[in-house]
Protein chains: 2
Amino acid sequence: MSKKIITITRQYGSGGREIGEQLAKSLGIEFYDNKLLDLAAESSGIHRNHFEENDEKRTNSFLYLLSTTYGQGGVPFDDTLFFAQHNAIRKIASEHSCVIMGRCADYALRDFNNVINVFVSAPLEYRVKRAVEVYGIEQKHAENYVKRIDKQRISYYNYYTDKRWGQPQNYQLCVDSSVLGIDGSVKLIEDLVKMYYKD
Amino acid sequence: MSKKIITITRQYGSGGREIGEQLAKSLGIEFYDNKLLDLAAESSGIHRNHFEENDEKRTNSFLYLLSTTYGQGGVPFDDTLFFAQHNAIRKIASEHSCVIMGRCADYALRDFNNVINVFVSAPLEYRVKRAVEVYGIEQKHAENYVKRIDKQRISYYNYYTDKRWGQPQNYQLCVDSSVLGIDGSVKLIEDLVKMYYKD
């Protein structure tokens with residue numbers, strides 16, 4: 001069986017995580033979401049809390065930038081965290097089949113062959129509804145919350161890569177999860193994966 | 001059987017037309033590409049040549065704009081052509097299942113229920129290769145030609161709609177045709193269509 005590497009970039013509330021998790025289960029391969037933070041922490045020796053606090057977001061505060069602490073080799077600390085994750089992603093993908101959620105994994109693996117990059121989106125109202133019903137976000141704050149998380153992820157991706165987040169040319173497949181729901185979207189991505197890897 | 005309406009927006013050279021044609025054949029429904037021009041000509045009484053000359057492109061020349069001839073009701077002539085096509089698309093989609101290629105069909109049908117909008121892309125080098133091998137474009141001009149046609153289509157779409165061409169949120173599925181080729185891409189879109197329309 002050929003090694004299968006699937007990265008999933010997702011709009012917040014689109015169900016991308018659930019889709020990735022089910023896809024990995026269905027394909028019988030490893031799933032990496034928060035587990036990536038453990039691996040990056042372990043290999044870098046930096047406490048996991050730092051990865052969690054800075055997960056897929058950049059600190060834009062001017063005061064923060066003025067007071068930025070520098071990490072290994074004079075590199076700003078959040079860049080150190082990014083590169084630790086980046087290396088963890090490359091290590092995983094060089095070892096075994098997996099589904100990797102977010103964290104610029106498509107960019108980290110840009111020179112790997114046979115990677116399938118998927119973008120999962122959905123209309124804003126669908127994502128807001130899911131944020132309330134599935135993630136328990138308060139109704140009155142839900143729309144702003146969804147938009148804020150997206151904005152953080154977009155800013156993080158665009159800062160660390162030479163690509164623009166959510167442009168179809170970065171992905172082999174973009175799917176609107178509201179059309180087929182979680183199960184149908186998993187099925188569709190699985191169809192692509194099976195046809196592509198031919199086994 | 002429920003009515004199936006699929007619009008396909010495509011980057012030039014991605015094989016979108018072939019994919020649309022095969023998809024329509026496989027689903028046993030009508031395929032509209034240049035045939036749309038016939039219908040628009042017929043219903044508007046404007047000669048087909050005008051539709052062909054202005055197909056999915058806008059005339060940006062300053063001299064042209066100065067000399068613009070006005071059509072029905074004082075509307076610039078290229079707008080008249082656009083609206084004739086727009087109406088032809090809406091008429092077709094209200095009557096029967098079909099696959100419609102380009103021509104802002106996703107926008108023309110934005111208030112229709114149950115339309116699947118697909119975007120077909122592929123890396124530039126793949127499209128240039130196909131332009132030479134499949135469409136017989138001269139190698140030395142092929143890259144510029146591919147880029148020019150895309151630019152025309154983008155400009156046309158962005159002018160006539162309130163959306164941006166090629167943004168994933170406009171489509172239920174975006175597929176890179178270089179991953180699975182024509183047949184595989186048809187199969188994938190067909191999977192989506194069958195799951196969505198549930199028959």
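1. Observations concerning the side chain of Arg 103 of chain A
Residues and elements named next belong to chain A.
Next up, step 1: Structurally, Arg 103 can be placed in the loop between strand E3 (98–101) and helix H6 (105–108).
Next up, step 2: You can call Arg 103 buried: its relative accessible area is 3%.
Next up, step 3: Engagement of the side chain of Arg 103 in a polar contact is seen with the side chain of Asn 34, the distance being 3.2 Å.
Next up, step 4: Setting aside chain neighbours within four positions, we find Arg 103 in contact with Asp 33, Asn 34, Leu 36, Leu 37, Asp 55, Glu 56, Gln 85, Ile 89 and Tyr 156.

2. Quick look at the interface of chain A and chain B
Next up, step 1: Contact residues are listed per partner, giving 20 residues for chain A and 20 residues for chain B.
Next up, step 2: Together, the buried faces of chain A and chain B total about 1,700 Å²; carbon and sulfur atoms form 72% of this surface.
Next up, step 3: When the buried surface of chain A facing chain B is broken down by residue, Pro 168, Val 179 and Met 195 of chain A rank first, second and third, together holding 28% of it.
Next up, step 4: At the junction of chain A with chain B, the criterion picks out 3 residue pairs in polar contact (both at pLDDT 80 or more).
Next up, step 5: Broken down by secondary-structure element, the contributors of at least two residues to the side of chain A that touches chain B are strand E4 (115–121), strand E5 (173–176) and helix H9 (177–197) of chain A.
Next up, step 6: Ranked by residue count, the leading element in the side of chain A that touches chain B is H9 of chain A, at 9 residues.
Next up, step 7: In the side of chain A that touches chain B, the residues fall into 13 nonpolar, 4 polar and 3 charged.
Next up, step 8: Alignment of E5 of chain A against strand E5 (residues 173–176) of chain B, held across 3 bridges, turns out to be antiparallel. Paired with Leu 173 of chain A across the bridge in E5 of chain B is Val 175 of chain B.

3. Details of the pattern of salt bridges
Residues and elements named next belong to chain A.
Next up, step 1: Taken as a whole and judged by the stated rule, the model has 22 salt bridges over all chains.
Next up, step 2: Of the charged contacts in the structure, one is a salt bridge between Glu 18 and Arg 130, with a shortest N-O distance of 3.2 Å. Here Arg 130 lies in helix H7 (residues 124–133) and Glu 18 lies in helix H1 (residues 16–27), a separation of 112 residues in the sequence. Pair check on accessibility: Glu 18 and Arg 130 agree, each one buried.
Next up, step 3: For Lys 194, the salt bridge is made with Glu 190, and the minimal N-O distance between the two is 3.1 Å. With a gap of 4 residues between them, Lys 194 and Glu 190 both fall in helix H9, about one helical turn apart.
Next up, step 4: By relative accessible area, Glu 190 is classed as buried at 11%.

4. Some remarks on the side chain of Arg 130 of chain B
Next up, step 1: Look at Arg 130 of chain B and you get buried, because its relative accessible area is 11%.
Next up, step 2: Ignoring sequence-local partners within four residues, the contact set of Arg 130 of chain B consists of Gly 13, Ser 14, Gly 15, Glu 18, Tyr 135 and Ile 182 of chain B.

5. Side note on the sheet that holds E3 of chain A
Consider a sheet: its strands pair through backbone hydrogen bonds, and that pairing is either parallel or antiparallel.
Next up, step 1: Across the sheet, 10 strands lie side by side as E2(A)-E3(A)-E1(A)-E4(A)-E5(A)-E5(B)-E4(B)-E1(B)-E3(B)-E2(B); this open sheet has mixed pairing. Lying at the two open borders of the sheet, with one neighbouring strand each, are strand E2 (30–32) of chain A together with strand E2 (30–32) of chain B. The mean inter-strand angle of the sheet, taken between neighbouring strand axes irrespective of direction, is 20 degrees.
Next up, step 2: Judged from the 4 bridges that link them, strand E4 (residues 115–121) of chain B and E5 of chain B form a sheet pairing that is parallel. Each bridged residue has a counterpart across the sheet, and for Val 118 of chain B the counterpart in E5 of chain B is Leu 173 of chain B.

6. Comments concerning the relation of the copies chain A and chain B
Next up, step 1: Overlay of chain A on chain B (RMSD 0.0 Å): rotation 180 degrees, translation along the axis 0.0 Å. Viewed as a symmetry operation, the transformation between the two copies matches a two-fold axis. For chain A, the residue whose C-alpha comes nearest the rotation axis is Cys 174 of chain A, separated from it by 2.4 Å.
Next up, step 2: Most of the interface of chain A is mirrored in chain B: 100% of its interface residues are interface residues there too.

Conventions adopted
Residues numbered from 1 in each chain as written. Chains lettered and ligands numbered in written order. Predicted model: local features only at pLDDT ≥ 70, side-chain atom pairs only at ≥ 80, totals over all residues. Heavy atoms only, no water. Helix = DSSP H or I, 4+ residues; strand = E, 2+ residues; numbered from the N terminus. Buried < 20%, exposed > 50% of the residue type's maximum accessible area, 1.4 Å probe, protein only. Polar contact = N/O pair within 3.5 Å; in protein donor to acceptor, adjacent residues only side chain to side chain. Contact = heavy atoms within 4.5 Å. Buried area = accessible area lost by both parts, 1.4 Å probe. Nonpolar A, V, L, I, M, F, W, Y, C, P; charged D, E, K, R; others polar. Pairing = 2+ DSSP bridges. Salt bridge = Lys/Arg side-chain N within 4 Å of Asp/Glu carboxyl O. Axes fitted to C-alpha atoms, helices over the stretch in contact; angles between N-to-C directions. Least-squares fit on C-alpha atoms with pLDDT ≥ 70 in both.

Function cannot be inferred from these measures alone, as they are strictly geometric.
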